Amino acid sequence: MASLRDIRSRIGSVKNTQQITRAMKMVAAAKLRKAQERIFSARPYAFKIREMIGHLRAGLDVATHPLFEEREEVEGALLIVVTSDRGLAGAFNANLLKVAEATIAERFQAQRDAGTLKILAVGRKAHEYFGKRGFDLVGDYQGVFNDLKFPLAGEVVDIAVEGFLDDEWDVVEVIYNEFKNTITQNRVAEQLLPIPAETFFTPVMEESADVDSSALEDEEVEYIFEPSAEVLLERLIPEYLQYQLWRALLESNASEQGARMVAMDNATTNAGELLKDLKLTYNRVRQAAITTEIIEISSGAEALAAK
């Protein structure tokens with residue numbers, strides 16, 4: 001059985017850990033509020049630009065723009081995997097990486113075997129994970145979530161578009177955590193290039209009071225474009241792609257903070273339960289030590305009296 005000194009030392013360590021996890025929970029909660037504000041600001045625009053792309057594309061030949069063109073054979077592929085830079089967020093990264101592995105196994109194993117599957121990892125955890133497993137990495141985007149900026153999405157999209165147009169890869173997919181609420185994240189794998197006929201964005205609006213859900217309903221509206229649809233499409237597609245990736249980065253960032261807040265809350269609660277057990281053990285050991293001392297004193301007194 002551990003000594004009283006050992007138990008006291010462990011109680012002190014657990015208290016210190018509890019203070020750290022409580023502070024980390026508060027920091028994550030503050031960051032989550034900011035991340036939610038950015039998400040709820042970005043989603044309406046992302047939806048509207050998608051809607052406009054859909055209207056523009058409806059009246060044009062798909063061959064009008066090379067980024068709409070589906071390849072007959074997918075010889076190469078690029079997966080943009082978005083994780084966090086830091087841990088201590090529960091199973092946030094592990095669950096996403098499992099989805100990435102499953103996506104590779106189900107749809108891109110042939111490209112993986114042929115060496116034509118590329119990974120663009122946004123976040124240190126994805127970069128380290130795929131780097132250790134021998135995947136061919138494109139770019140180095142570690143530490144970006146410390147100061148997440150909109151131009152980052154443009155850099156990543158430029159790499160994806162350039163490789164697509166140069167036939168280095170025939171499809172580009174983005175795998176990330178979509179923010180639903182503080183407790184729940186949806187793991188999403190969606191196609192970025194070629195731009196799919198059925199655009200993929202399904203916004204989660206439950207927690208945003210600023211978004212009118214009626215705006216999401218499809219309406220039969222005939223648009224007259226000035227300048228031409230072709231000119232508008234050429235202008236909007238780069239912005240559309242950048243904004244879809246930017247939304248994915250914001251979704252992942254908000255999901256990370258929510259997961260970390262929950263993980264730190266659980267850790268703080270568990271530390272409290274552990275403290276209760278340790279204090280109970282401490283009192284039992286202390287009581288046993290006192291009882292032993294009393295017995296020893298009584299035995300000594302009886303021995304002296306017998307003489």
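One can find the structure itself at the top, above this paragraph.
Note that the structure is predicted; figures quoted are calculated from it, not measured.

**Student:** Would you mind showing me how to read the packing of helix H1 (residues 4-58) against helix H6 (residues 229-306) here?
**Tutor:** A packed helix pair is summarised by two numbers, namely the angle formed by the two axes and the spacing between the axes. At their nearest, the axes of H1 and H6 sit 5 Å apart, and the two run at 160° to each other. One finds that H1 runs roughly antiparallel with respect to H6. Regarding H1 and H6, the two cross each other, and that crossing is left-handed. In terms of residue class, the contact of H1 with H6 is made up of 36 nonpolar, nine polar and 16 charged.

**Student:** Which parts of the structure should I look at to understand the sheet that holds strand E2 (residues 117-122)?
**Tutor:** Working definition: the strands of a sheet are paired by backbone hydrogen bonds and lie parallel or antiparallel to each other. On the basis of which strands lie adjacent, the open sheet formed by five strands has the order E3-E2-E1-E4-E5 and mixed pairing. The two strands at the open ends of the sheet, each matched to only one other strand, are strand E3 (136-137) and strand E5 (185-193).

**Student:** Looking at this model, I keep getting lost on a negative patch on the surface. Mind explaining?
**Tutor:** Together, Glu155, Asp158, Glu162, Asp166 and Glu168 line one region of the surface with negative charge. Note that Asp166 resides in the loop between helix H5 (150-165) and strand E4 (171-179). Residue Asp166 is classed as exposed on the basis of its relative accessible area of 53%.

**Student:** Honestly, unusual backbone geometry in this entry has me stumped. Any pointers?
**Tutor:** Among all residues except glycine, the phi angle is most often negative; among peptide bonds, the trans geometry is most common. The step from Leu193 to Pro194 runs through a cis peptide bond, and the omega angle for that step is -10°. For Leu88, which is not a glycine, the phi torsion comes out positive at approximately 55°. Of the residues examined, Leu88 reaches a relative accessible area of 54% and is grouped as exposed. For Asp167, which is not glycine, the phi dihedral falls at a positive 60°. With respect to the helices and strands, the residue Asp167 is situated in the loop between H5 and E4. Judged by its relative accessible area of 54%, Asp167 falls in the exposed class.

Scoring rules and cut-offs
Going along each chain's sequence as written, the residues are numbered from 1 onward. Confidence filtering applies because this is a predicted model: local features only for residues at pLDDT of at least 70, side-chain atom pairs given and counted only at 80 or more, and all residues used for totals across whole chains, interfaces and linings. Excluding hydrogens and water, the side-chain figures rest on all heavy atoms present in the structure. Angles here are taken between N-to-C directions and fall from 0 to 180 degrees, while the axes themselves are lines fitted to C-alpha atoms, restricted in helices to the stretch in contact. A run of H or I in DSSP counts as a helix once it spans at least four residues, and a run of E counts as a strand once it spans at least two, with each numbered from the N terminus. Small angles under 35 degrees read as roughly parallel and large ones over 145 as roughly antiparallel, with 65 to 115 read as roughly perpendicular and the rest as oblique. For any pair of crossing helices, the crossing counts as left-handed if the nearer helix is rotated counterclockwise from the farther one by less than a right angle, and right-handed if it is rotated clockwise. Note on residue categories: nonpolar means Ala, Val, Leu, Ile, Met, Phe, Trp, Tyr, Cys or Pro, charged means Asp, Glu, Lys or Arg, and polar means any other residue, Gly included. Paired strands are those between which DSSP finds at least two bridges. Patch membership is restricted to residues that have no salt bridge and whose relative accessible area is over 30%. Joining uses 9 Å for like charges and 5 Å for the nonpolar side chains Val, Leu, Ile, Met, Phe, Trp and Tyr. Per-residue accessibility takes into account occlusion by the displayed protein chains alone, with areas from the Shrake-Rupley method and a 1.4 Å probe. Note on definitions: salt bridges are taken to be side-chain nitrogens of Lys or Arg within 4 Å of carboxyl oxygens of Asp or Glu. In this count, Lys and Arg are taken as positive residues and Asp and Glu as negative ones, while His and the chain termini are left out. Here the site of a charge means atom NZ of a Lys, CZ of an Arg, CG of an Asp or CD of a Glu. Relative accessibility decides the category of a residue: with a 1.4 Å probe and only protein chains considered, values under 20% of the type maximum give buried, values over 50% give exposed, and everything between is partly exposed.

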